Amino acid sequence: MSAPARGFDFHCHIDLLPDPVATIAACERDRIFTLAVTTTPKAWAQNRRWTADSRYVHAALGLHPELAGERHTEIELLEQLVTETALIGEIGLDGSPQHRNSWQVQREVFIRTLSAAQRLGGRVASIHSRRAAPEVLDCLAEHTTPQRVLPILHWFSDTVTLARQAAAQGCYFSINQRMLGSRSGAAVVRAVPADRILTETDAPFTDGADRESEPQEVVTTVKQLAEARGVPADEMTAILAGNAERVLAFAGFTSIFR
Ligand code: MN
């Protein structure tokens, strides 16, 4: 029997860290469930190999919106590979000025990915929505149903109003330490329903000045989340474990940590 996970990192770029194999081994040792998101379908095979024997680390198939401009032809590969996995990410839309010129192609890639997920059902997707939250929510409403696709908004950086709307549409939120450290991020963390909260690192993109981020940090994030929401840490831990189990059950992982 496997022991329960000590923490959950629902958005980590393991393949962008200095030593992916060592990080995976550390997650196994420390019992940190980690969703190893990818940024291009060509990275899937390698990530799948690295995580094939791992109990706690699971690869997700993605095509990052920031890469959609140059990598959009890989959408066909994604549509083939998505039959192999219930875990999708990183996908989404980015409306920042530097990615505006790829907006139409981003939309096409995102909609085709969501449509494939919807067709297959039982898919969990980790979604990027920087400066594009209303459009992301529109795409989800138009091309998916909560019965077939479970969306996790990763590092959500829009308003409390939109966060509440997203929750009403069935979205979960994966929260990292940088969000908790910003006023607007902390407001979102306090506003969303307790049963929709997950933790993430977005490593390596949440590095502090003096350290590299790593999945183990989610254990600390739980304490900060508990503080931000004014609940005891052990209660927060239990809530997060329940949420993680529900999300993973949606993807077909039945009680993998028992
Ligand atoms: Mn990311």
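Residues numbered from 1 in each chain as written. Predicted model: local features only at pLDDT ≥ 70, side-chain atom pairs only at ≥ 80, totals over all residues. Heavy atoms only, no water.

What to know about the coordination of the manganese ion
Filter applied, for reference: We call an atom a donor if it is N, O or S and sits within 2.8 Å of the metal, or 3.2 Å for Na, K and Ca. Water is not counted, so some sites may look partial. Counting from the N terminus, the helices are the DSSP runs of H or I reaching at least four residues and the strands are the DSSP runs of E reaching at least two. We call a residue buried when its accessible area falls under 20% of the maximum for its residue type, exposed when it is over 50%, and partly exposed in between, using a 1.4 Å probe and counting protein chains only.
Note on the manganese ion: its protein donors are His11 (NE2), His13 (NE2), Glu90 (OE) and Asp202 (OD). The metal-donor distances range over 2.2 to 2.4 Å. For the manganese ion, all donor residues lie on one chain, and their spacing in sequence is H-x1-H-x76-E-x111-D. Of this pair, Glu90 sits in strand β4 (residues 87-92) while Asp202 sits in the loop between β8 (197-199) and α10 (218-229), and the two are 112 residues apart along the sequence. Asp202 matches Glu90 in its accessibility class, with the two residues each being buried.

Some words on the nonpolar core
Inclusion rule: In plain words, nonpolar cores are sets of buried Ala, Val, Leu, Ile, Met, Phe, Trp, Tyr and Cys residues tied together by side-chain atoms within 4.5 Å. In what follows, residue pairs with any heavy atoms lying within 4.5 Å of each other are defined as contacts.
One finds Phe110, Ile127, Leu153, Phe156, Phe173, Ile175 and Leu225 to be the most contacted residues of the largest nonpolar core, which totals 48 residues. Among the elements that line this core, the one with the most residues is helix α5 (residues 103-120), at seven residues. Discounting residues that sit within four places of it in the chain, Ile127 has contacts with Ile91, Gly92, Phe110, Val136, Leu140, Pro151, Ile152, Leu153 and His154.

A look at the layout of surface pockets
If you roll a probe as big as a water molecule over the atoms, it shows you where there is empty space left. Let me state the cut-off plainly: Cavity and pocket criteria rest on a 1 Å grid covering protein atoms alone: a 1.4 Å probe that fits but cannot get out defines a cavity, protein on both sides within 12 Å along at least 5 of 7 lines defines an open pocket, and an atom within 4 Å of a point defines a lining residue. Grid points are joined across faces, edges and corners, and a volume is the space filled by probe spheres set on the points. Under this grouping Gly is polar, as are all residues other than the nonpolar Ala, Val, Leu, Ile, Met, Phe, Trp, Tyr, Cys and Pro and the charged Asp, Glu, Lys and Arg.
The volume enclosed by the largest pocket comes to roughly 260 Å³. Looking at the largest pocket, it is lined by 14 residues, and the ones nearest its centre are His64, Glu66, His128, Arg130 and Asp202. Residues belonging to the lining of the largest pocket are distributed by class as follows: three nonpolar, seven polar and four charged.

Here we look at the sheet that holds β4
For the record, the criterion: Paired strands are those between which DSSP finds at least two bridges. Angles here are taken between N-to-C directions and fall from 0 to 180 degrees, while the axes themselves are lines fitted to C-alpha atoms, restricted in helices to the stretch in contact.
Strand order in the open sheet formed by five strands is β4-β5-β6-β7-β8, with parallel pairing between adjacent strands. Whereas interior strands pair on both sides, the edge strands pair on one side only; in this sheet they are β4 and β8. The average angle at which neighbouring strand axes cross in this sheet is 30°, direction not considered. Pairing geometry for strand β5 (residues 123-128) and strand β6 (residues 149-154), over five bridges, is parallel. Of the residues in β6, the one forming a bridge with Val124 is Leu150. Relative to the sheet, helix α11 (residues 233-250) contacts β5, β6, β7 (172-175) and β8, its axis offset from that of β8 by approximately 95°.

A few points about the packing of aromatic side chains
As a reminder, the rule being used: Within 6.5 Å between ring centres, the rings of Phe, Tyr and Trp (the latter by its six-membered ring) count as paired, and their orientation is classed by plane angle as stacked under 30 degrees, edge-to-face over 60, tilted in between.
All chains considered together, the criterion is met by four aromatic pairs. When the ring of Phe8 is compared with that of Phe10, the centres are 6.4 Å apart and the planes differ by 25°; the resulting orientation is stacked. Across the pair, Phe10 and Phe8 agree in class, each one buried. Between Phe10 and Phe33 the ring centres are 5.1 Å apart and the planes differ by 45°, which places this aromatic pair in the tilted class. Within this pair, whereas Phe10 is found in strand β1 (residues 7-12), its partner Phe33 is found in strand β2 (residues 32-36), the two being separated by 23 residues in sequence. The exposure class of Phe33 is buried, given its relative accessible area of 0%. Taken together, the ring pairs in this structure connect Phe8, Phe10 and Phe33 into an aromatic cluster.

A short note on the packing of helix α6 (residues 133-143) against helix α7 (residues 160-168)
Spelled out, the test is: By definition in this entry, angles of less than 35 degrees are roughly parallel, angles greater than 145 are roughly antiparallel, angles of 65 to 115 are roughly perpendicular, and the rest are oblique. What makes a crossing left-handed is the near helix being turned counterclockwise from the far one by less than a right angle; a clockwise turn instead makes it right-handed.
Interaxial distance between α6 and α7 falls to 11 Å at its minimum, and their mutual angle equals 10°. Judged by the inter-axis angle, α6 sits roughly parallel to α7. Between α6 and α7 the crossing geometry is left-handed. Contacts between α6 and α7 involve Ala133, Pro134 and Leu137 from the former and Leu162, Gln165 and Ala166 from the latter. Partitioned by chemical class, the residues of the contact of α6 with α7 number five nonpolar, one polar and no charged.

Some words on the sheet that holds strand β3 (residues 57-59)
The strand order across the open sheet built from three strands is β1-β2-β3, with neighbouring strands paired in parallel fashion. Across the chains shown, the open sheet's two edge strands, defined by having one partner strand only, are β1 and β3. On average, adjacent strands in this sheet sit at an angle of 10° to one another, irrespective of strand direction. Of the pairings in the sheet, the one linking β2 to β3 comprises three bridges and is parallel in character.

A closer look at the pairing of β2
The side chains of a regular strand alternate between the sheet's two faces. How we decide: Every crossover in which the path from the first strand over the helix to the second runs clockwise, viewed with the strands pointing away from the viewer, is termed right-handed.
Of all five residues in β2, five are buried, a share of seventy percent or more. Burial of β2 is two-sided: the residues Ile32, Thr34 and Ala36 facing one way and the residues Phe33 and Leu35 facing the other way are all buried. With four bridges connecting them, β1 and β2 associate as parallel partners. By the bridge assignment, Gly7 is partnered in β2 with Ile32. Regarding topology, helix α1 (residues 20-30) serves as the crossover connection from β1 to the parallel β2, and that connection is right-handed.

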